[in-house]
Amino acid sequence: MLKLLRTIVIAVSLMGLCAVPASAKTVSGKAPDFTLKSRSGHNLRISDYRGQVMLINFWASWCGPCRQEMPLLENLYKRYKKLGFTIMGVNVDTDSTKANNYLKDMSVTFPIVYDTTNAVSKRYNVNAMPTTVIVDRNGNMRFLHQGYKPGYENDYKKEVVQLIKE
Amino acid sequence: MGQAVVVAVIKSMCNKLLSGIILCSIILLGLAQAAQATVLPEERADVMYHSYDGGGVTVSGPSILVRKNASTNTSVYYNYYIDHISSASLDVLTGGSPYTEHRTEQSGGIDYLHGKTTTSLSYTTSVENDYKSGTLNFNLSQDFFGDLSTLTLGYTHGKDLVSRRGLSYDLSEISRQNYRVGFSQILSKNMVVGLNWETITDDATELRDNTGTLSGVTLNNPYRAYSYYDSTTGQRGFAPEKYPNTHTSNAFAINGSYYLPFRAALHGKVKFYQDSWGITATTYQLNYTYPLASWIFDFRTRWYSQSKADFYSDLFARQDEYTFMARDRELATFQSTSIGVTASWDFAKNGWGWVDKGSLNVSFDHMEFDYKDYRNALVGGTPGTEPLYGYGADIYQLYVSIWY
Amino acid sequence: MRLLFLLMISLGIPQGCSSWQPWVKPYERSNLADPIMNPDRDPVSVDYVAHMHKTRQASRGATGGSGGGCGCN
C-alpha cells in the first residue's frame, strides 16, 4: 500500500512538471477583431480603439479571482486612461443578468461587453479564468496573463506603461 | 533533459525513505514551472449548534470554524468542537448506569497552493476524561487535464490512548494509519464524478496496570461486555469483550453531481466497505439541491446496511466460547435509513462592512436503526428470544456562516 | 506497479506538452462553479455528519467528494 502511494505521488509530481504555461508571457500577432454589445446597448468594436493601448480582460460573475481583480483594473483604468489607455471587460456569462447584478454593486467605469455565445473567448483561445490580454496601439497582442493572483496588477501596470511609452 | 536527470535522482532518493513521500512531493512540485493555480478554500467563519437525540443518547454542542488566508498562497483554519454527551443507551443500561461526558475536539490546519497543487497539513486532538486522541493529516491535491481532473492523495497518522473513568493509567494505546486516493473528473458542463478509496489500519497495544497485569483492552470499548448463556441461572451472563489487536478496512466510494436543466442539482454517492473483521457494508445516498430566491434547500436520503463482524454475537453459548467475542452493536448486522432537509437563507448578499455574504442554515435529519442480530436484553425472558432492537434518532443542526 | 507508474506518466505527459484541448472550457464552467453543485459546501456540517455516522456504524473512510468548481486560475 505504501509502495503504491509512493508511486502515485511521484507520478503525480512528474505530471506537475510538464510545461504548464506561466501566468505572464509575451505573445504576438494581431488581436482578433470583434464587435460585441456593451452595457450601454451599443456595439463596441475593438479596432475602433486602434491608437490606444488596450487591456482585454475575460471575466465571469462566478469566478472568484475575476471579482478580486475588478477593482484593481478600475484603478488602472482611471489612472492611465488620459494617456491613451483603455480596458475592455469581456464578460463570458451565457446569462448576462448575473453579470449585471454583479456590476450593480461593483462600480466599474471601463467598457464591459457581453460574449454570451463565447465566440470571442474561443477566438482568443481563453484557457483560464480570468484571462488578460494587453494589446498595443497598433492592434498587436503583446502580453498574456492567465489567471489572477494578488500582485499581477503590478505586472499589468508595468506592461501598460511600457506600451504607452512606445 | 536536465530536468529528467534531477527527477531520476530524486526518484531514487524517494525509494529509500518513508518520509521521502512527503519530502519528494514538495521538492518535485517546487520544480514545476506552473505559475497558474487553482484557488484556495474560501475565507469564512461558521458557528454551529449540533444535536443528536436517539436510542437514549443525547449529544449536543457547538462547532466553530474560522478560515483565513495567511498569504496569497496559504490558507489556515481552526475548528473548535464540543460533544456534550448524556448516555442512557441500551448498551450502557444493560451494563451499568447512565453517564454524562464532555468531549473537546480542536483542529488546526494549513493549505498551501503552488501551481495547480494544493498541499494540506492539519492536526486534530480529541480529549475526554477516558479517551485521548491525536491525529495528523496530510493531503495533496493536483488539478490537470485543463482543470477537468483532480487527483488527491492523503495520509493520516493517529494515536489514541484508551482508559476508563476513574483510572489513573491507560488501558490500551492505538496507532492508526489512513491511506487515501481520490480521482475526480468533470464529464461535461453539467456533470462531475469522483472515485475515492481509503484503507485504514488500527494497531492496538494492550497496556499493563501498576501491578503489571495486562488490561484485556485492545481495540474494544472498555465499558462493553459480550453476553453468554449462563446455564446455572438460565439468564444472560456478561463478561468483558475480547477483540483482536489489529483492524484493517477498505472503503471505495463513487459519487457524482449533476446540474439539472433548470437551476437545481442532484448528488449521489455509493460506498462499499469491507474489513478484516468480516464486516461488509454498503451506503447509498441521494441529495437534491434546490435554490429559490435567497434560499437553498437540500433534500436528502441515505440508506445504510452492514453485516456483522466474525466475532460478534448477541448471545454466545457459554463464557469464553471463542478467543474474540463482541456484542457492541456497531459490529452487528443492521440497516439504517434516514431522510433530511436543510434550509439555507442567504443574507448580506451585497456585502455588509467587511462581510462579503452570509447564510443562516437549519437542518433536520431523522434516522431509523433496525438491528437484525442485536436484542433488547433489558426486556428479560429466555435469553436469545428478546425482541430485536431498533430505534429512531433526530439530528438538528443550526449554523451561521459568513464569508469575508 | 511499474505498469501503473507508466500509465500515469503517459497520461500526464500529454497534458501540457501537446495541444490537447479540454472539452469543457474555463469559460463554460458557470454551472460547475455554482455552489449548489458542491454537496460539501458547508464544512462544519459535513464534518459533523461524517463524525456522527462514524460513531454509530462500522463503515469508515472514503468520505472525500468530487471536484468541479470554478477551475479559476
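Residues numbered from 1 in each chain as written. Chains lettered and ligands numbered in written order. Predicted model: local features only at pLDDT ≥ 70, side-chain atom pairs only at ≥ 80, totals over all residues. Heavy atoms only, no water.

1. Topic: the side chain of B:D373
Residue and element names in this part refer to chain B. Note that D373 resides in strand β17 (residues 357-375). Within the structure, D373 has its side chain in polar contact with the side chain of T333 (distance 2.7 Å). Apart from residues lying up to four places away in sequence, D373 is in contact with K308, Y312, D314, A332, T333 and L388. (Helix = DSSP H or I, 4+ residues; strand = E, 2+ residues; numbered from the N terminus. Polar contact = N/O pair within 3.5 Å; in protein donor to acceptor, adjacent residues only side chain to side chain. Contact = heavy atoms within 4.5 Å.)

2. Remarks on the sheet that holds strand β5 (residues 85-91) of chain A
Residues and elements named next belong to chain A. Read across the open sheet, the six strands follow the order β1-β8-β7-β4-β5-β6; overall the sheet is mixed. Sheet topology places β1 (24-26) and β6 (112-114) at the edges, where each strand pairs with a single neighbour. This sheet shows a mean twist of 20 degrees between the axes of neighbouring strands, independent of strand direction. In this sheet, strand β8 (residues 141-146) lies alongside β1 in antiparallel orientation, the contact comprising three bridges. For K25, the partnering residue across the bridge sits in β8 and is L144. The strands touched by helix α3 (residues 96-105) within the sheet are β4 (53-59), β5 and β6, with β6 carrying the most contacts at an inclination of about 165 degrees. (Pairing = 2+ DSSP bridges. Axes fitted to C-alpha atoms, helices over the stretch in contact; angles between N-to-C directions.)

3. Focus on the interface of chain C and chain B
The interface of chain C with chain B comprises 44 residues on the first partner and 75 residues on the second. Seen at the junction of chain C and chain B, the total is five salt bridges. In this structure, B:D202 and C:R60 form a salt bridge, with 2.7 Å as the shortest nitrogen-oxygen distance. Joining chain C to chain B, the criterion identifies 27 residue pairs in polar contact (both at pLDDT 80 or more). Taken together, the elements giving at least two residues each to the side of chain C that touches chain B come down to α1 (2-17), α2 (30-33) and α3 (43-54) of chain C. Considering each element in turn, the side of chain C that touches chain B owes the most residues, eight residues, to α3(C). Considering only residue class, the side of chain C that touches chain B consists of 19 nonpolar, 18 polar and seven charged. (Salt bridge = Lys/Arg side-chain N within 4 Å of Asp/Glu carboxyl O. Nonpolar A, V, L, I, M, F, W, Y, C, P; charged D, E, K, R; others polar.)

4. Quick word on the state of the cysteines
Two cysteines joined by a covalent bond between their sulfur atoms form a disulfide. For the structure on display, the rule yields two disulfides over all chains. Across the disulfide from A:C63 sits A:C66; the S-S distance is 2.2 Å. Disulfide A:C63 to A:C66: torsion about the S-S bond roughly 85 degrees, handedness right-handed. On the basis of relative accessible area, A:C63 is assigned to the buried category, the value being 0%. Note that C:C70 is cross-linked by a disulfide to C:C72, the S-S spacing being 2.1 Å. A single burial state applies to C:C70 and to C:C72, both of which are buried. (Disulfide = S-S within 2.5 Å. Buried < 20%, exposed > 50% of the residue type's maximum accessible area, 1.4 Å probe, protein only.)

5. Describing helix α2 (residues 64-80) of chain A
Residues and elements named next belong to chain A. The end-to-end C-alpha distance of α2 is 25 Å, a good match for the 24 Å that 17 residues give at a rise of 1.5 Å each. Helix geometry: α2 is bent most strongly at M70, by close to 30 degrees, with proline P71 lying one to four residues after it. All buried positions along α2 are accounted for by P65, C66, E69, M70, L73, E74, L76, Y77 and Y80. Buried-residue contacts for α2 involve β4, β5, α3, β6, β7 (131-135) and α5 (152-165). (Expected span 1.5 Å × (residues − 1). Bend = angle between axes of the 7 residues up to and from the residue.)

6. Focus: the pairing of β4(A)
Here is the key point about a regular strand: its side chains alternate between the two faces of the sheet. Residues and elements named next belong to chain A. In terms of burial, β4 is a largely internal element, seven of the seven residues being buried. Because side chains alternate across β4, one face comprises the buried residues V53, L55, N57 and W59, and the other comprises M54, I56 and F58, equally buried. By the bridge criterion, seven bridges tie β4 to β5 in an arrangement that is parallel. By the bridge assignment for β5, M54 is matched with T86. Assessed by its sense of winding, the connection that carries the chain from β4 through α2 to β5 is right-handed. In this structure, β4 lies alongside β7, joined through five bridges in antiparallel fashion. Counted as the bridge partner of M54 is V135 from β7. (Right-handed = clockwise from strand over helix to strand, strands pointing away.)

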